[in-house]
Amino acid sequence: VFTTINNIKNADDVRHEIAALHNMGIGAMFRLGGGPDQKNTNRVIVNAGHGGLSLPTRDYYTKEDAKSVEIKGKFVEHMTNMFKLLGETPEAAAADAGTVMAIQMRLAKASAAPVELRDADKNYNKISVIDAQMIIPNFSLTGYMKDRGIPAVTEINFCQPKFFKELNAMLTDVSIDNWKTYFRWMVLNNA
């Protein structure tokens, strides 16, 4: 897995790696899977929503009270130690932990709060795959689904469009090397 991650060179490789990690059960960047259509339970629909966080919810990243700051600090320390186990120098491991934290912080800030996730209507945004692709033009949804072995669909429940807009921006803002670091962390965190 690490060899494949290290060989990522462009945005298409990033997409392929996300699909490969999702096929392994590793929720990098977002989540996507089949489930009942909430408005018509006789149908199965593809649902896509936010994901890619190591801590339980966005609140662990966004709150600034003393306990939250302590948890974030211990999380960065834990990531640093895990990267050191891969053979990285303490400096490189700390830098990689900072990279992962920055990526996860952006994902968290774009994610829905736990209370919003409990509102089924706020998380139901069934649109055509074509319309979904317009929200995330930097990421081929049909290519991703093909990589995953998901049959072609025409509709998708894009649960949190705001999240996917931010993810779309991140696909050009975040360097390929930083995505490699994030993917290595996601594998480590799920080992």
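Preceding block: the structure.
The model shown is predicted, which means the values in this text are computed figures rather than measured ones. (Residues numbered from 1 in each chain as written. Predicted model: local features only at pLDDT ≥ 70, side-chain atom pairs only at ≥ 80, totals over all residues. Heavy atoms only, no water.)

> Honestly, helix H5 (residues 90–110) in this entry has me stumped. Any pointers?
For H5, spanning 21 residues, the distance from its first C-alpha to its last is 30 Å, which sits close to the expected 30 Å at 1.5 Å a residue. Taken together, the buried positions of H5 are occupied by Ala93, Asp96, Ala97, Thr99, Val100, Met101, Ile103, Gln104, Met105, Leu107, Ala108 and Ala110. Check the buried side of H5 and you find it contacts helix H3 (59–62), helix H4 (66–85), helix H9 (161–173) and helix H10 (176–189). (Helix = DSSP H or I, 4+ residues; strand = E, 2+ residues; numbered from the N terminus. Expected span 1.5 Å × (residues − 1). Buried < 20%, exposed > 50% of the residue type's maximum accessible area, 1.4 Å probe, protein only. Contact = heavy atoms within 4.5 Å.)

> Honestly, H9 in this entry has me stumped. Any pointers?
A turn of α-helix holds 3.6 residues, and therefore any two residues three or four places apart point the same way. The end-to-end C-alpha distance of H9, which contains 13 residues, comes to 18 Å, matching closely the 18 Å that a straight helix rising 1.5 Å per residue would cover. Those residues of H9 not exposed but buried are Phe163, Phe164, Leu167, Asn168, Met170 and Leu171. The arc that holds the buried residues of H9, viewed along the axis, is 165°, so those residues lie on one side. Facing away from the buried side of H9, by more than 90 degrees, are the exposed residues Lys162, Lys165, Thr172 and Asp173. (Arc of directions from axis to C-beta.)

> Help me understand the pattern of salt bridges, please; the structure alone is not making it clear to me.
Side chains that differ in charge, positive against negative, can pair when their charged atoms come close. Scanning the entire structure with this criterion turns up 14 salt bridges. Between Lys39 and Asp121 there is a salt bridge, with the nearest N and O atoms lying 2.9 Å from each other. Taken together, the residues span a long stretch of sequence, with Lys39 in the loop between strand E1 (30–37) and strand E2 (40–50) and Asp121 in the loop between helix H6 (114–117) and strand E3 (126–128) at a distance of 82 residues. Both residues of the pair, Lys39 and Asp121, count as exposed. Note that Lys126 is salt-bridged to Glu155, the shortest N-O span being 3.9 Å. Of the two residues, Lys126 sits in strand E3 while Glu155 sits in strand E4 (residues 155–158), which places them 29 residues apart along the sequence. With a relative accessible area of 30%, Lys126 lands in the partly exposed category. By relative accessible area, which is 29% here, Glu155 ends up partly exposed. Salt bridges sharing common partners tie together Asp37, Arg43, Lys126 and Glu155. (Salt bridge = Lys/Arg side-chain N within 4 Å of Asp/Glu carboxyl O.)

> Would you explain the side chain of Glu88 in this entry?
In this fold, Glu88 is placed in the loop between H4 and H5. Within the buried set, Glu88 has no salt-bridge partner at all; the shortest N-O distance to an opposite charge, 4.4 Å, is to Arg184. With near-sequence residues (within four places) excluded, Glu88 lies in contact with Phe83, Ala93, Asp96 and Arg184. (Lys, Arg positive; Asp, Glu negative; His and termini not counted.)

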